[in-house]
Amino acid sequence: MEITKYNSLKSGLETINFDVTDKNTTRFDHCPNDHDIHMITDVDGGLLISGCGYNYPFWIDDASRAGIDYSKQKARELIALCIDSP
């Protein structure tokens, strides 16, 4: 699957190819709004965090689903840390 993601290291968009499978992805069924997290996927040594809406997925280097305990809340906190850091 080809997808355009926001790369937090480069502060920009890039396109990658990967497969979403049950082995590399955790899905969250409850999405109360477009900004909520729909799934987290281990990709290329980092973590791809996809929202419920049409925003680009957010990729964070050196992170993993296991590293955040497969948690939707911890994924939100990780994004907030990356956005707030200079």
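Refer to the structure above for everything that follows.
Residues numbered from 1 in each chain as written. Predicted model: local features only at pLDDT ≥ 70, side-chain atom pairs only at ≥ 80, totals over all residues. Heavy atoms only, no water.

### Comments concerning the nonpolar core
To be explicit about the condition: In these notes, a set of buried Ala, Val, Leu, Ile, Met, Phe, Trp, Tyr and Cys residues joined through side-chain atoms within 4.5 Å is what counts as a nonpolar core. For every residue, the accessible area (1.4 Å probe, protein chains only) is compared with the maximum for its type, and the residue is labelled buried under 20%, exposed over 50%, or partly exposed between those bounds. Numbering goes from the N terminus for both helices and strands, where a helix is a DSSP run of H or I of at least four residues and a strand is a run of E of at least two. Throughout, a contact is declared for two residues whenever any of their heavy atoms are within 4.5 Å.
The biggest cluster of nonpolar side chains holds 12 residues, and these are Phe28, Ile37, Ile40, Leu47, Ile49, Phe58, Ile60, Ala63, Ile68, Ala75, Leu78 and Ile79. Listed by contribution, the elements that provide at least two residues to this core are strand S4 (37-43), strand S5 (46-51), strand S6 (58-61) and helix H1 (72-84). The biggest single contributor to this core is H1, with 3 residues. Residues within four places of phenylalanine 28 in sequence aside, it is in contact with Ile37, His38, Met39, Ile40, Tyr70, Ser71 and Lys72. In terms of nonpolar packing, the next biggest core, distinct from the first, is built from 6 residues, Phe18, Val43, Leu48 and Trp59 among them.

### Thoughts on the state of the cysteines
One way to say it: the disulfide is the covalent bond shared by the sulfur atoms of two cysteines. Selection rule: By disulfide we mean two sulfur atoms from cysteines, separated by a distance within 2.5 Å.
Considering all chains together, one arrives at 1 disulfide under this definition. In this model, cysteine 31 is linked to cysteine 52 through a disulfide, with the two sulfur atoms separated by 1.9 Å. What sets the handedness of the cysteine 31 and cysteine 52 disulfide is the S-S torsion sign, and at about -60° it is left-handed. With a gap of 21 residues between them, cysteine 31 in the loop between strand S3 (25-27) and S4 and cysteine 52 in the loop between S5 and S6 connect regions that are remote in the sequence. Residue class for cysteine 31 comes out partly exposed when judged on its relative accessible area of 28%. With no disulfide partner, cysteine 82 has as its closest neighbouring cysteine sulfur the one in cysteine 52, 19 Å distant.

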